[in-house]
Amino acid sequence: QVQLVESGGGLVQAGGSLRLSCAASRRTFNTLVMGWFRQAPGKEREFVAYITWSGGNTNYADSVKGRFTISRDLVNNTMLLQMNSLKPEDTAVYYCAASSRFGFGSMRYRQPADFGSWGQGTQVTVSS
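Chains are numbered independently. Their residues run from 1 in the order of the written sequence. Per-residue local features of the predicted model are confined to residues with pLDDT of at least 70, and side-chain atom pairs are confined, for both listing and counting, to 80 or more; whole-chain, interface and lining totals are unaffected and use all residues. In computing side-chain properties, one takes all heavy atoms of the structure into account and sets aside hydrogens as well as water.

Asker: How should the sheet that holds strand β8 (residues 78–83) be read in this particular structure?
Answerer: The strands that make up a sheet pair up through hydrogen bonds in the backbone, lying either parallel or antiparallel. At least two bridges found by DSSP between two strands is the condition for calling them paired. Under the scheme used here, helices are H or I runs from DSSP no shorter than 4 residues and strands are E runs no shorter than 2 residues, and both carry numbers assigned from the N terminus. If you walk across this open sheet you meet the 4 strands as β1-β3-β8-β7, and the pairing is antiparallel. Edge positions in the open sheet fall to β1 (4–7) and β7 (68–73), since each of these has one partner strand only. Adjacent strand axes in the sheet meet at a mean angle of 15 degrees, parallel and antiparallel pairs treated alike. Sheet topology places β1 next to strand β3 (residues 18–24); 4 bridges connect them, and they run antiparallel. Across the sheet, residue S7 finds its bridge partner in β3, namely S21. Helix axes are fitted to C-alpha atoms over the stretch in contact, other axes to C-alpha atoms as well, and angles between N-to-C directions run from 0 to 180 degrees.

Spelled out as structure tokens, the structure:
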């Protein structure tokens, strides 16, 4: 499967910004969708955003709409997550994921099971 490596996490004050990057291996020809999930201690992994690899169409969780922007660079095989107006509740480990599967239904690509490749995660901590 696609090899994914996240970077860009760190500590930031509430209201600040961070940009996460996800570097993928060259074998992205079969990738349909790439997305970001996050997981806080004691909680389930939750959807943040995804982007279709060919068309660049995006989808966001309600909790991050208007604050986060997902994008991808096809030349460099990278996916970015620009996070603005960060809140303490955004604190979590953020994971990059890739899917080569077709999703169906209203929850398509909004569940971890729809993705077959995962990065190791990068910690984002937002202080109040």
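Asker: Sorry, what's going on with the state of the cysteines here?
Answerer: Here a disulfide denotes a covalent bond joining the sulfur atom of one cysteine to the sulfur atom of another. What counts as a disulfide here is a pair of cysteine sulfur atoms lying within 2.5 Å. Applying the stated criterion across every chain yields a total of 1 disulfide. What pairs with C22 in a disulfide is C96, and their sulfur atoms sit 1.9 Å apart. On the sign convention where negative means left-handed, the S-S torsion of about -70 degrees between C22 and C96 marks this disulfide as left-handed. A residue pair is termed long-range when its members are at least 10 positions apart, and C22 in strand β3 and C96 in strand β9 (residues 92–99) qualify at 74 residues. Take C22 and C96: they sit in the same class, and that class is buried. Note on classification: 1.4 Å probe, protein chains only; a residue is buried when its accessible area is under 20% of the maximum for its type, exposed when over 50%, partly exposed between these limits.

Asker: Would you take a moment to explain unusual backbone geometry for this structure?
Answerer: Peptide bonds are trans in most cases, and residues, glycine excluded, mostly fall at negative phi. Phi at N77 is positive, roughly 55 degrees, even though this residue is not glycine. As for its placement among the helices and strands, N77 is situated in the loop between β7 and β8. Under the relative-accessibility criterion, N77 is labelled buried at 13%. Despite not being glycine, Y109 shows a phi value in the positive range, around 60 degrees. Inspection of the secondary structure assignment puts Y109 in the loop between β9 and β10 (117–118).

Asker: Sorry, what's going on with the pairing of strand β5 (residues 46–52) here?
Answerer: Along any regular strand the residues' side chains alternate between the sheet's two faces. In terms of burial, β5 is largely enclosed, as 6 of its 7 residues are buried. Summarising the sheet, strand β4 (residues 33–39) and β5 pair through 6 bridges and their orientation is antiparallel. The residue bridging M34 from the neighbouring strand is I51, located in β5. As consecutive antiparallel partners, β4 and β5 are separated by 6 residues, and within that stretch G42 has a phi angle of approximately 80 degrees, a positive value.

Asker: Even after reading the chapter, I still don't get the packing of aromatic side chains, so can you show me in this structure?
Answerer: Here a ring pair, both rings aromatic, is described through the centre-centre distance and the interplanar angle of the planes. The aromatic pairing rule takes the rings of Phe, Tyr and Trp, using the six-membered ring of Trp, and pairs them if the centres are within 6.5 Å, calling planes under 30 degrees apart stacked, those over 60 edge-to-face and the rest tilted. Taken as a whole and assessed by the stated rule, the structure comprises 7 aromatic pairs. With a centroid separation of 6.1 Å and 65 degrees between ring planes, the pair formed by Y109 and F115 is classed as edge-to-face. Side by side, Y109 and F115 carry an identical accessibility label, which is buried. Among the aromatic residues, ring-to-ring pairing joins F37, F47, Y50, Y109, F115 and W118 into one connected group. It is R45 that lies over the ring of Y95; its NZ or CZ is 3.8 Å from the centre. For the cation-ring pair, R45 lies above W118, with the distance from its terminal atom to the ring centre recorded as 4.8 Å. Placement of a positive charge over a ring is assigned whenever Lys NZ or Arg CZ falls within 6 Å of the ring centre and within 35 degrees of the normal to the ring plane.

Asker: Before we go on, may I ask you to explain the pattern of salt bridges in this structure?
Answerer: Pairs can form between side chains of opposite charge whenever their charged atoms are close. In what follows, salt bridge is the name for a side-chain nitrogen of Lys or Arg lying within 4 Å of a carboxyl oxygen of Asp or Glu. What the rule picks out here adds up to 4 salt bridges. Note that D90 and R38 form a salt bridge whose closest N and O atoms lie 2.9 Å from each other. Residue D90 is located in the loop between β8 and β9, and its partner R38 is located in strand β4; the two are separated by 52 residues in the primary sequence. You'll find D90 and R38 in the same group, each marked buried. Between K65 and D62 there is a salt bridge whose closest N-O contact spans 3.1 Å. For D62, a relative accessible area of 63% translates into the label exposed. Several salt bridges converge on common partners, so that one network encompasses R38, E46, R67 and D90.

It is worth stressing that arrangement in space is one thing and function is another; only the former is reported here.
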